[in-house]
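Below are the chains, spelled out letter by letter.
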Amino acid sequence: MNKAVRKAVIAGNWKMNKTRPEAKELIEAIKPLVKDAGCEVICCVPFTNLETALEATKGSNVKVGAENCHFEKSGAFTGEISAEMLTEMGVEYVVLGHSERRQYFGETDETVNKRVRAALAAGLKPIVCVGEMLKDRENGITAELVAMQTKIALKDVTAEEMKNVIIAYEPVWAIGTGKTATAEQANEVCALIRSTLASLYGAEVAEATTIQYGGSMNAKNAEELLAQPDVDGGLIGGASLKAPDFATIVAAATNG
Ligand code: 13P
C-alpha cells in the first residue's frame with residue numbers, strides 16, 4: 001500500500017457470533033496484543049455487543065463498528081437500527097452491503113447506497129463491501145460488476161465525504177470457504193476499484209481511500225495480501241474471532 005497517503009485498516013467482522021460475556025473476553029484478549037499497532041484496528045460486532053465493546057475498548061486504540069444500519073432516520077421498521085442510534089452510542093464505523101446481507105436479506109446496490117448516505121449523514125464511517133460471485137468471475141465480468149457495485153454504492157456521495165469511506169473488496173467465493181483470492185487477484189480488483197474511484201472523484205481521492213481485501217484472510221496469508229500495493233487492509237471474518245490470529249494480521253498490516 002501507499003503508506004504516504006493512507007493508513008492500513010484491519011477490521012474484524014464478527015458476524016452473528018459472541019454473547020456479551022464472550023465479546024468482552026475477546027476484546028480484552030485483543031487489546032494488549034494490538035496496543036502498538038501501526039494500523040487502525042476495528043472490531044465490528046453484533047448490535048447486542050456494541051455497548052460491551054465500547055466499554056471494553058475505552059482508552060484503547062481499538063475502534064468499534066456495527067455490521068449494518070438502516071437508511072431511514074426512524075419509523076416503522078421493526079427490527080432495524082438507524083445510523084443515528086449508532087452514533088449516539090459512540091459507534092464510529094459500520095459495515096454496509098456485506099455479501100451476506102445482499103444474499104440473505106435482500107440488499108441491493110440501491111439500498112446499499114441509501115445506507116451509505118444515511119450513515120455518512122449521521123457521522124458514521126461506512127465500510128462498503130463489494131465483490132463478485134464465483135459465476136461472475138467464471139463469466140469474466142468481475143471488473144464490470146465490481147465497478148458497477150462501487151459506482152452505485154457511492155452515488156451522491158461527495159469527494160469530501162469520501163474521507164470517511166472505506167471500501168472492502170470481498171469476492172463472495174472466498175468468504176468463509178478457506179479459498180483466498182491470490183495476492184495478485186486481490187490486488188487487481190482493489191486497483192480496479194481505485195481506478196473507478198479516480199473516474200468518480202479524481203486521482204487524489206482515489207489515492208487517499210483505503211481499500212481492504214476480505215475473504216478467508218488469516219494469520220498465514222495476511223502478510224502476502226497486505227504487501228500488495230493496492231490492498232490497504234483487511235476485513236476479517238473467522239480469524240477475527242481468535243485474538244492471536246487477529247493480532248497477527250494487525251502485525252502484518254503494521255509491518256507491511
Ligand atoms: P472470512 O474471513 O470468514 O472468510 O469472512 C470474510 C468476511 O466476510 C468479512 O466480512
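You'll find the structure just up there.
Being a predicted model, the structure only gives us computed values, none of them experimental. (Residues numbered from 1 in each chain as written. Predicted model: local features only at pLDDT ≥ 70, side-chain atom pairs only at ≥ 80, totals over all residues. Heavy atoms only, no water.)

Undergrad: What's the story with the overall build of the chain in this structure? I'm lost.
TA: Within the chain, the secondary structure is distributed over 11 helices and 8 strands. For 256 residues, the compact-globule estimate of 2.2 N^0.38 gives 18 Å, and the chain sits close to it at 17 Å. Buried residues in the chain amount to 52% of all 256 residues. Across the chain, contacts joining residues at least 24 apart in sequence account for 73% of those joining residues at least 6 apart. Per element, the accessible surface of the chain, about 11,400 Å² overall, is 53% carbon and sulfur. Distance between charge centroids for the chain: 2 Å, based on 27 positive and 34 negative side chains. (Helix = DSSP H or I, 4+ residues; strand = E, 2+ residues; numbered from the N terminus. Rg over C-alpha atoms; globule rule 2.2 N^0.38 Å. Buried < 20%, exposed > 50% of the residue type's maximum accessible area, 1.4 Å probe, protein only. Contact = heavy atoms within 4.5 Å. Areas by Shrake-Rupley, 256 points an atom, 1.4 Å probe, with all protein chains shown as cover. Lys, Arg positive; Asp, Glu negative; His and termini not counted. Charge placed at Lys NZ, Arg CZ, Asp CG, Glu CD.)

Undergrad: Looking at this model, I keep getting lost on the side chain of Asn49. Mind explaining?
TA: Following the sequence through the fold, Asn49 ends up in the loop between strand 2 (40-44) and helix 2 (50-57). On the basis of relative accessibility, which here comes to 0%, the residue Asn49 falls in the buried class. Side-chain polar atoms of Asn49 contact the backbone oxygen of Lys18, separated by 2.9 Å. Discounting residues that sit within four places of it in the chain, Asn49 has contacts with Trp14, Asn17, Lys18, Thr19, Arg20 and Ala23. (Polar contact = N/O pair within 3.5 Å; in protein donor to acceptor, adjacent residues only side chain to side chain.)

Undergrad: When you look at the packing of aromatic side chains in this model, what are you seeing that I'm missing?
TA: The description of two aromatic rings rests on the distance between their centres and on the angle between their planes. Using the criterion set out here, one finds 2 aromatic pairs in the structure. Taking the centre distance of 6.5 Å and the plane angle of 85° together, the rings of Tyr104 and Phe105 count as edge-to-face. The residues Tyr104 and Phe105 share a single accessibility class, namely exposed. Over the ring of Phe105 we find Arg101, and its NZ or CZ is 4.2 Å from the ring centre. (Phe/Tyr/Trp six-rings, centres within 6.5 Å; stacked < 30°, edge-to-face > 60°. Lys NZ or Arg CZ within 6 Å of the ring centre and 35° of its normal.)

Undergrad: Could you clarify how one ought to interpret the packing of helix 1 (residues 20-34) against helix 11 (residues 243-255) in this entry?
TA: Geometrically, a packed helix pair is captured by the angle between its two axes and the distance between the axes. As a packed pair, helix 1 and helix 11 sit with axes 9 Å apart at the nearest point and diverge in direction by 35°. For helix 1 against helix 11, the interelement crossing comes out right-handed. Contacts from Leu26, Ala29, Ile30, Leu33 and Val34 in helix 1 reach Ala243, Pro244, Phe246, Ala247 and Val250 in helix 11. A class-by-class count of the residues in the contact of helix 1 with helix 11 yields 10 nonpolar, no polar and no charged. (Axes fitted to C-alpha atoms, helices over the stretch in contact; angles between N-to-C directions. Left-handed = near helix turned anticlockwise from the far one by under 90°. Nonpolar A, V, L, I, M, F, W, Y, C, P; charged D, E, K, R; others polar.)

Undergrad: Where do I start with the pairing of strand 3 (residues 62-66) in this structure?
TA: Each regular strand carries side chains that alternate between the two faces of the sheet. A large share of strand 3 lies buried, amounting to 4 of its 5 residues. Across 4 bridges, strand 2 lies against strand 3 in parallel orientation. Paired with Val41 across the two strands is Val62, which belongs to strand 3. Taken together, strand 2, helix 2 and strand 3 constitute a β-α-β crossover, and its handedness is right-handed. Looking at chain direction, strand 3 and strand 4 (residues 93-96) are connected through 2 bridges and run parallel. The partner of Gly65 across the bridge, within strand 4, is Tyr93. This β-α-β element, strand 3 to helix 3 (residues 83-89) to strand 4, shows right-handed connectivity. (Pairing = 2+ DSSP bridges. Right-handed = clockwise from strand over helix to strand, strands pointing away.)

Undergrad: Quick question: what am I supposed to make of the pairing of strand 4 here?
TA: Neither face of strand 4 is exposed, since Tyr93 and Val95 on one face and Val94 and Leu96 on the opposite face are all buried. Pairing analysis gives 4 bridges linking strand 4 to strand 5 (residues 125-130), with the strands arranged parallel. Bridging across to strand 5, Tyr93 finds its partner in Lys125.

Undergrad: How should I be thinking about the site of the ligand in this particular structure?
TA: Around the ligand, the structure places Asn13, Lys15, His98, Glu170, Ala174, Ile175, Gly176, Gly215, Ser216, Leu235, Gly237 and Gly238. Lys15 places a side-chain nitrogen or oxygen 2.8 Å from an oxygen atom of the ligand. The side chain of Glu170 places a nitrogen or oxygen atom 2.9 Å from an oxygen atom of the ligand. For the ligand, whose accessible area on its own is 310 Å², the fraction buried by protein is 94%. (Near = heavy atom within 4 Å.)

Undergrad: Mind showing me how you'd approach the sheet that holds strand 3 here?
TA: Within a beta sheet, neighbouring strands are joined by backbone hydrogen bonds and run either parallel or antiparallel to one another. The strand order around the closed barrel built from 8 strands is 1-2-3-4-5-6-7-8, with neighbouring strands paired in parallel fashion. Sheet twist, expressed as the mean angle between neighbouring strand axes with direction ignored, is 25°. Bridge count between strand 1 (residues 9-13) and strand 8 (residues 233-236): 4 bridges; the pairing is parallel. Paired with Ala11 across the bridge in strand 8 is Leu235. The strands touched by helix 11 are strand 1, strand 2 and strand 8; relative to strand 1, the strand with the most contacts, the crossing angle is about 160°.

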